[in-house]
Amino acid sequence: MKVRIVFYVMVLLTVIGCTQNGAKLPEGTWKMVNFQYYSGDTLKTNEIMDDSVNQVKIWTPNYFTFVGRSKADSTYQDNYGGGTYKLDGINYEENIQFHSYKSYIGQTVKLLLELKGDTLVQTFPVDNMWKPEKSHFIEKYVRLQ
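The notes below deal with the structure included here. The structure displayed is predicted, hence computed values, not measured ones.

## Considerations on the environment of threonine 123
Here comes step 1: Tracing the backbone shows threonine 123 in strand β8 (residues 119–126).
Here comes step 2: Not counting the four nearest positions on each side in its chain, threonine 123 is found in contact with Leu111, Leu112, Pro132, His136, Phe137 and Ile138.

## Comments concerning the packing of aromatic side chains
Two aromatic rings, taken as a pair, are described by how far apart their centres are and by the angle between their planes.
Here comes step 1: As enumerated under the stated definition, the model contains six aromatic pairs in all.
Here comes step 2: Summarising the aromatic geometry, the rings of tyrosine 37 and phenylalanine 137 are spaced 5.1 Å apart at their centres and angled 40° between planes, so their arrangement reads as tilted. Taken together, the residues tyrosine 37 in strand β1 (residues 28–39) and phenylalanine 137 in strand β9 (residues 132–143) connect sequence positions 100 residues apart.
Here comes step 3: Its relative accessible area of 24% is what places tyrosine 37 among the partly exposed residues.

## With respect to the pattern of salt bridges
Here comes step 1: By the definition in use, this model includes three salt bridges.
Here comes step 2: Two residues, arginine 69 and aspartate 78, come together in a salt bridge whose shortest N-O distance is 2.7 Å.
Here comes step 3: Here aspartate 78 falls in the partly exposed class, since its relative accessible area comes to 41%.
Here comes step 4: The closest approach of N and O atoms between lysine 86 and glutamate 93, which form a salt bridge, is 3.6 Å.
Here comes step 5: The exposure class of lysine 86 is exposed, given its relative accessible area of 52%.
Here comes step 6: Residue glutamate 93 is classed as buried on the basis of its relative accessible area, which comes to 16%.

## Looking at the side chain of glutamate 94
Here comes step 1: Mapped onto the elements, glutamate 94 comes out in strand β6 (residues 91–99).
Here comes step 2: Beyond its immediate stretch of four places on either side in the chain, glutamate 94 contacts Lys57, Phe64, Thr84, Tyr85, Gln107, Thr108, Val109, Leu111 and Gln122.

Cut-off values and rules
- Residues numbered from 1 in each chain as written.
- Predicted model: local features only at pLDDT ≥ 70, side-chain atom pairs only at ≥ 80, totals over all residues.
- Heavy atoms only, no water.
- Helix = DSSP H or I, 4+ residues; strand = E, 2+ residues; numbered from the N terminus.
- Contact = heavy atoms within 4.5 Å.
- Phe/Tyr/Trp six-rings, centres within 6.5 Å; stacked < 30°, edge-to-face > 60°.
- Buried < 20%, exposed > 50% of the residue type's maximum accessible area, 1.4 Å probe, protein only.
- Salt bridge = Lys/Arg side-chain N within 4 Å of Asp/Glu carboxyl O.

Geometric values such as these leave the question of function open.
Written as structure tokens, this is what we have:
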């Protein structure tokens, strides 16, 4: 019986030791695939990313950045930003250090960040109780690396 227990413990330790550590959420490069805007419970915008709208977001252990470009008719609009972040479960805060909209610089933004399969879902803004505001956005990303 003792031999069996030792054997199972060794197998368990071997499996745990040989399992590759997955990339930490959200570290890596993610491509936005869907953008939604809600006013209350009503979906106002549901945009699937295509050649006219493209954005990626990159996380390192301490920093995030995003860059994107959208085209409406013949006009392009660039979107970018970055800074530091804190993640506690799904509660996520970004401290904005640079942004295409200068009024965001120096702001701390609260978001929800969830991994659903191979999709990262980012919901913002949220209140101090971590509930989405009445008007909020949901961005969906898939991992590139």
